[in-house]
Amino acid sequence: MAGVSGCLKYSMFIFNFLFWLCGILILAVAIWVRVSRDDEEFISSKNSDVSPYVAVNILIAVGATIMILGFLGCCGAVKESRCMLLLFFIGLLLILLLQVVAGILGATFKSESEHFLNETIYKNVHLLNDTDEEAEAFQKAMSKFQKKFRCCGLVKGASDWGSNFQQYYESCECLEASESCTTYEGKNVYEQPCISFIKDLVKKHIIIIIGIAFGLAVIEILGLVFSMVLFCQIGNK
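Report follows, based on the coordinates. Remember, predicted model here, so these are calculated numbers, not experimental data.

## Observations regarding the overall build of the chain
Argument step 1. Within the chain, the regular secondary structure consists of eight helices and two strands.
Argument step 2. For the chain, the α and β elements follow one another from N to C terminus as α-α-α-α-α-α-α-β-β-α.
Argument step 3. For the chain, the proportion of its 237 residues judged to be buried stands at 39%.
Argument step 4. A sequence separation of at least 24 residues applies to 71% of the contacts in the chain between residues at least 6 apart.
Argument step 5. Accessible surface for the chain amounts to roughly 13100 Å². Of this, 65% is attributable to carbon and sulfur atoms.

The following block contains the structure:
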């Protein structure tokens, strides 16, 4: 009977150690995207039953699962355990299949997700003109966003602020002649509303998630091949 290849065994161990590190990286990036407050206030709607961070939450779960599978694969390779390798293979295959399904659903419902984002932003416009506690938190976040991205208002511009404009106009104030400016209530402010910047920020986060998913799929396919070859070699020993 043929023995287990030492090269394959330790290659599998190194691969799974790197796989485990990938799990940590995915978890860290997903948590960073999740807690990032640049666009959180603007794409979250109090009346919505759908979370705009569903994909990120899934990625957090995937990252944690990959860490567990990486540890399982390392132990299976070192101990030459067919049971651990089989569990590793099944777990990895399930994650890969879930990624494929998520990708298909994401492509299918792309227009619906864009509609959801637009609807949420338009629903939140009234918060700029309100005076309750929720509106005040939103206005402070919006003020920081305006200053950072040099825009004013959510959809229509400075007029979105209504009676609160004089309180927050400084974050809208256009100080450079090279900028696209307009005059509103005697103040020189940025002409461009922030909706396009918010959409760009969301798209940037989505691109990060897609990039991680594609890179992960390649690593997972290699993991499936390594684990199955080692599984068969241990069985023939």
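## Some words on the packing of helix α4 (residues 82-108) against helix α8 (residues 195-235)
Argument step 1. Across the interface, α4 lies against α8 with an axial gap of 9 Å and an inter-helix angle of 155 degrees. Judged by the inter-axis angle, α4 sits roughly antiparallel to α8. Where α4 crosses over α8, the two elements pack in a sense that is left-handed.

## Overview of the environment of Q139
Argument step 1. Note that Q139 resides in helix α6 (residues 133-149).
Argument step 2. Those residues within four positions of Q139 in sequence are excluded, and the remaining contacts are L127, L128, N129, D130, W161, N164 and Y168.

## Structural notes on a nonpolar patch on the surface
Argument step 1. The grouping of Y10, F13, I14, F17, L18, L21, I24 and V78 at the surface amounts to a nonpolar patch, some 710 Å² of accessible area in total.
Argument step 2. When residues of the nonpolar patch are assigned to their parent elements, the largest contribution, seven residues, is made by helix α1 (residues 6-35).
Argument step 3. Along the chain, I24 turns up in helix α1.

## A short note on the environment of L92
Argument step 1. With respect to the helices, strands and loops of the structure, L92 is situated in helix α4.
Argument step 2. Each C-alpha atom, one on L92 and one on S227, is 10.0 Å from the other, the two residues being 135 residues apart in sequence.
Argument step 3. Once you skip the residues sitting within four places of it in the chain, L92 turns out to touch F19, L69, E220, G223 and L224.

## Description of α4
Argument step 1. A rise of 1.5 Å per residue sets the reference length of α4, with its 27 residues, at 39 Å; its end C-alpha atoms lie 39 Å apart and thus fit the reference within 8%.
Argument step 2. Regarding α4, the residues found buried are L85, F88, F89, G91, L92, I95, L96 and Q99.

## Focus on the pairing of strand β1 (residues 181-184)
Argument step 1. Both β1 and strand β2 (residues 187-190) contribute to a ladder of four bridges, which runs antiparallel. Considered in β2, the bridge of T183 is made with N188.
Argument step 2. Linking β1 back to β2 in an antiparallel pair, the connection comprises two residues, with E185 at a positive phi of about 50 degrees.

## A word on the state of the cysteines
Argument step 1. Considering all chains together, one arrives at three disulfides under this definition.
Argument step 2. Here C174 engages in a disulfide with C181; their sulfurs sit 1.8 Å apart.
Argument step 3. Free of any disulfide, C75 has its nearest neighbouring cysteine sulfur in C74, separated by 6.8 Å.
Argument step 4. The exposure class of C75 is buried, given its relative accessible area of 18%.

## Considerations on the environment of R150
Argument step 1. Note on placement: R150 falls in the loop between α6 and α7 (165-168).
Argument step 2. When its relative accessible area of 38% is taken as the criterion, R150 is described as partly exposed.
Argument step 3. Between the alpha carbons of R150 and C194 there is a distance of 8.2 Å; along the sequence they are 44 residues apart.

The rules behind the values
Residues numbered from 1 in each chain as written. Predicted model: local features only at pLDDT ≥ 70, side-chain atom pairs only at ≥ 80, totals over all residues. Heavy atoms only, no water. Helix = DSSP H or I, 4+ residues; strand = E, 2+ residues; numbered from the N terminus. Buried < 20%, exposed > 50% of the residue type's maximum accessible area, 1.4 Å probe, protein only. Contact = heavy atoms within 4.5 Å. Areas by Shrake-Rupley, 256 points an atom, 1.4 Å probe, with all protein chains shown as cover. Axes fitted to C-alpha atoms, helices over the stretch in contact; angles between N-to-C directions. Parallel < 35°, antiparallel > 145°, perpendicular 65-115°, else oblique. Left-handed = near helix turned anticlockwise from the far one by under 90°. Patch = residues over 30% accessible without salt bridge, like charges linked within 9 Å, V, L, I, M, F, W, Y side chains within 5 Å. Salt bridge = Lys/Arg side-chain N within 4 Å of Asp/Glu carboxyl O. Expected span 1.5 Å × (residues − 1). Pairing = 2+ DSSP bridges. Disulfide = S-S within 2.5 Å.

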